[in-house]
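Topology and contacts: notes
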Amino acid sequence: MAQAMRRQSSVSLFATDGKPHPLQDTLMAVTLALGAVAFVSAMFYNLHLLSSWAGLVGIITGAYGQFISATTRERFVLIMGLGASAVGFYLGMAHGGLFGGIIS
């Protein structure tokens, strides 16, 4: 039971296991930023190209981030970014899609 009581020497915002995760942290930031862009731009009808593409790329980066994530904090932030990306993507698709009428 001694293993359960070990103390963490440093408190990190992104890694709870004490190891650095630069790729996962980058994917978290990119997914969250793309999700925010997709979600906000989806509220405007004429920004459907931006919202659909940002949402699609956010979904892809978030899915890969979930696949290689190592800590609960990474998964939590990735799910928030994935949700915002998905909402932005779906609303962008409903407003005009990825190509905006170029390919009909």
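The structure reproduced in this document is the subject of the present report.

**Quick word on a nonpolar patch on the surface**
A grouping of Val37, Phe39, Val40, Met43, Phe44, Leu47, Leu50, Val87 and Leu91 is seen on the molecular surface, where their side chains present a nonpolar patch of about 740 Å² in accessible area. Within the residue set of the nonpolar patch, elements represented by two or more residues are helix H1 (22–41) and helix H3 (72–95). Here the element with the most residues in the nonpolar patch is H1; it accounts for three residues. Along the chain, Leu47 turns up in the loop between H1 and helix H2 (48–68). With relative accessibility at 34%, the residue Leu47 sits in the partly exposed group.

**A closer look at the environment of Ala38**
Mapped onto the elements of the fold, Ala38 is located in helix H1. The sequence separation of Ala38 and Tyr90 amounts to 52 residues, and the corresponding C-alpha distance is 9.6 Å. Sequence-distant contacts of Ala38, that is, excluding residues within four places in its chain, are made with Ser51, Ala54, Gly55, Ala84, Ser85 and Gly88.

**Some details on the packing of H1 against H3**
Interhelical geometry of H1 versus H3 gives an angle of 30° and a closest axis separation of 7 Å. The angle between H1 and H3 places the two elements in the roughly parallel class. Our pair here, H1 against H3, has a crossing hand that is left-handed. In contact with Gln24, Asp25, Leu27, Met28, Thr31, Leu32, Leu34, Gly35, Ala36, Ala38 and Phe39 of H1, H3 contributes Arg73, Glu74, Val77, Leu78, Met80, Gly81, Leu82, Ala84, Ser85, Val87 and Gly88.

**Considering H1**
For H1, spanning 20 residues, the distance from its first C-alpha to its last is 28 Å, which sits close to the expected 28 Å at 1.5 Å a residue. When H1 is considered as a whole, its buried residues turn out to be Gln24, Leu27, Met28, Thr31, Gly35, Ala38 and Ser41.

**A word on H2**
The α-helix winds at 3.6 residues per turn, so residues separated by three or four positions along the chain end up facing the same way. Helix length check: H2, at 21 residues, gives a terminal C-alpha distance of 30 Å against a target of 30 Å (1.5 Å per residue), a fit within 8%. Those residues of H2 that sit buried are His48, Ser51, Ser52, Ala54, Gly55, Gly58, Thr61, Gly62, Gly65 and Ile68. If you follow the buried residues of H2, they end up packed against H1 and H3.

**Let's talk about the side chain of Ser85**
Mapped onto the fold, Ser85 is located in helix H3. Of note is the side chain of Ser85, whose polar atom sits 2.9 Å from the backbone oxygen of Gly81. Those residues in contact with Ser85 that lie beyond four places of it in its chain are Thr31, Leu34, Gly35, Ala38, Gly55, Gly58 and Ile59.

About the cut-offs
- Residues numbered from 1 in each chain as written.
- Predicted model: local features only at pLDDT ≥ 70, side-chain atom pairs only at ≥ 80, totals over all residues.
- Heavy atoms only, no water.
- Patch = residues over 30% accessible without salt bridge, like charges linked within 9 Å, V, L, I, M, F, W, Y side chains within 5 Å.
- Areas by Shrake-Rupley, 256 points an atom, 1.4 Å probe, with all protein chains shown as cover.
- Salt bridge = Lys/Arg side-chain N within 4 Å of Asp/Glu carboxyl O.
- Helix = DSSP H or I, 4+ residues; strand = E, 2+ residues; numbered from the N terminus.
- Buried < 20%, exposed > 50% of the residue type's maximum accessible area, 1.4 Å probe, protein only.
- Contact = heavy atoms within 4.5 Å.
- Axes fitted to C-alpha atoms, helices over the stretch in contact; angles between N-to-C directions.
- Parallel < 35°, antiparallel > 145°, perpendicular 65-115°, else oblique.
- Left-handed = near helix turned anticlockwise from the far one by under 90°.
- Expected span 1.5 Å × (residues − 1).
- Polar contact = N/O pair within 3.5 Å; in protein donor to acceptor, adjacent residues only side chain to side chain.

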